Every structure is written in C-alpha cells, then in structure tokens.
Amino acid sequence: SMERAAALAMRYGVTLAAHPSYPDREHFGRRSIPMLPDELRRTVAAQCSALRRVSPQPIRHAKAHGALYHDLARDPTLTAAFLAGVSEGLEVPPPDLVILGSPKLVVGEATLLREGFADRGYDAFGHLLPRGAPGALLLDPMEAAAQARRLDASGHFDVLCVHGDTPNAVAVARAVRLALGLP
C-alpha cells in the first residue's frame, strides 16, 4: 500500500507524508497502547523508514494516526519519542520536520501545522468528540463544508483534514474544497 501511495503521490504531484500509529492493525490504530517512550520511538521510526524506502521523493511531513494523535497532545514524553522516531525514520533533522497535529501539540524545533477536522464533531470546549458519540462524524457534505468555513475563519488552524475512510468522504472533500474556494 505504501508503494502504491508513493507512486500516486508522484503521479499527481502530491507531497507524501508519514502517518504512523500505535502497532494496532486489528483496531486500525484507534486504541491507545501503553508503550515506553523508546518502544514508541522504535515503532514510529520503523514505520517512517518503511515509507521512506519506497518513496521516490523525500518526506518531511508526518502526522500521528488515531489514538496516538490524541495521546501526543496529552503527553510530552510520548511527543518527544514520536518526534525522535519520525526524525530517525525519515532521516530528517527536527528543524526540517513538519508535523501536522493538534494546536496544543508542542513539537520543539519542528514546524507544527495546527490541524482541524472538517468531518468530525467538536464538543463545547473544542475537543474532538469520541468516534462513537452522537455527532462525532459529519457525513453531510454541507455540514462539513460549514464546519470547514468556521474552522478556517477561527484562525486557530493551518490545515483541515477530511478522513478518507469516512463514509461519503469524496463528496465531503469536494464540498469542503468548494466552501474554502479551492480548485
């Protein structure tokens, strides 16, 4: 799958990014796994290295996946291990790394692109709703487009995400792009 993604990125002129997670294929990385920082660094480095080896382009961007994404925002020790693993696996020093993540994430010398989610619901405190909660997934393209406009106007985010595995993802992404005036 990594080879196919890398080839498609090259074909369409898209920048490739690493998307490492906890080693949890069964649950698609969506559950937290207690790991020592060095264990996390090694697993992230291995995932990033595997992508780097099949990519015809250098990779400088990374975004934690699933439960790891949320755990990093709460635990600076895990964040440091994640950053070390990404840097090691991609063979990119921290000042040249670009990390997509929660606006609360602290990434040291790396560049943080603060990420919002057009296709996910937020609670009154600005936290993502758990996937199983009512309103957690925004499946209506117009509802996601309206959320994208709100998030963009807030000034709190640099990038917006639409999950590819969300039902109706293509229609949602098209509506979001149109709402933001993108081609």
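Residues numbered from 1 in each chain as written. Predicted model: local features only at pLDDT ≥ 70, side-chain atom pairs only at ≥ 80, totals over all residues. Heavy atoms only, no water.

With the rule as written, the count across this model stands at one cavity of 30 Å³ or more. Considering only enclosed or pocket space, the largest cavity measures out at about 30 Å³ in volume. Together, Ala64, Tyr69, Leu72, Phe82, Leu100, Gly101, Ser102 and Leu105 line the largest cavity. Counting residues per element, the ones that place at least two in the lining of the largest cavity are α3 (66–74) and β3 (98–101). A breakdown of the residues in the lining of the largest cavity according to their chemical character gives six nonpolar, two polar and no charged. (1 Å grid on protein atoms, 1.4 Å probe; cavity = no way out; pocket = protein on both sides within 12 Å on 5 of 7 lines; lining within 4 Å. Points joined across faces, edges and corners; volume = space filled by probe spheres on them. Helix = DSSP H or I, 4+ residues; strand = E, 2+ residues; numbered from the N terminus. Nonpolar A, V, L, I, M, F, W, Y, C, P; charged D, E, K, R; others polar.)

All right, on to the nonpolar core then. Counting 34 residues, the largest nonpolar core has Tyr22, Leu40, Leu68, Phe82, Val86, Leu90 and Ile99 as the members making the most contacts within it. At the level of elements, α1 (2–12), α2 (37–54), α3, α4 (76–90) and β4 (111–117) are the ones that each hand at least two residues to this core. Per-element tally for this core: the top contributor is α4, with six residues. Excluding residues within four positions of it along the chain, Leu40 makes contact with Tyr22, Met35, Leu68, Leu78, Ala81 and Phe82. Counting residues in each nonpolar core, the second largest holds five residues, with Ala144, Ala148, Val172 and Val176 among its members. (Core = buried A, V, L, I, M, F, W, Y, C linked by side-chain atoms within 4.5 Å. Buried < 20%, exposed > 50% of the residue type's maximum accessible area, 1.4 Å probe, protein only. Contact = heavy atoms within 4.5 Å.)

Let us look at unusual backbone geometry. Its identity as a non-glycine residue notwithstanding, Glu91 has a phi of 60°, on the positive side. Inspection of the secondary structure puts Glu91 in the loop between α4 and β3. A positive phi angle is found at Asn168, which is not glycine, with a value near 70°. Turning to its location among the elements, Asn168 is positioned in the loop between β5 (159–161) and α6 (169–179). Its relative accessible area of 42% is what places Asn168 among the partly exposed residues.

On to the environment of Tyr122, then. Summarising the element assignment, Tyr122 is placed in the loop between β4 and α5 (141–154). Each C-alpha atom, one on Tyr122 and one on Ala136, is 7.3 Å from the other, the two residues being 14 residues apart in sequence. Apart from the residues lying within four places of it in its own chain, the contact partners of Tyr122 are Gly116, Phe117, His127, Leu128, Leu129, Gln147 and Leu151. Here Phe117 takes part through its backbone nitrogen, which lies 2.9 Å from a polar atom of the side chain of Tyr122. (Polar contact = N/O pair within 3.5 Å; in protein donor to acceptor, adjacent residues only side chain to side chain.)

For the rest of this paragraph, the subject is the side chain of Asp119. With respect to the helices and strands, Asp119 occurs in the loop between β4 and α5. Put simply, Asp119 is tucked away with no salt bridge, and the nearest opposite charge, on Arg120, sits 6.0 Å away. A polar contact of 2.6 Å, which involves the side chain of Asp119, links it to the backbone nitrogen of His163. Leave out the neighbours within four places in its chain, and Asp119 touches Ala136, Leu137, Leu138, Cys161, Val162, His163, Thr166 and Val172. (Lys, Arg positive; Asp, Glu negative; His and termini not counted. Salt bridge = Lys/Arg side-chain N within 4 Å of Asp/Glu carboxyl O.)

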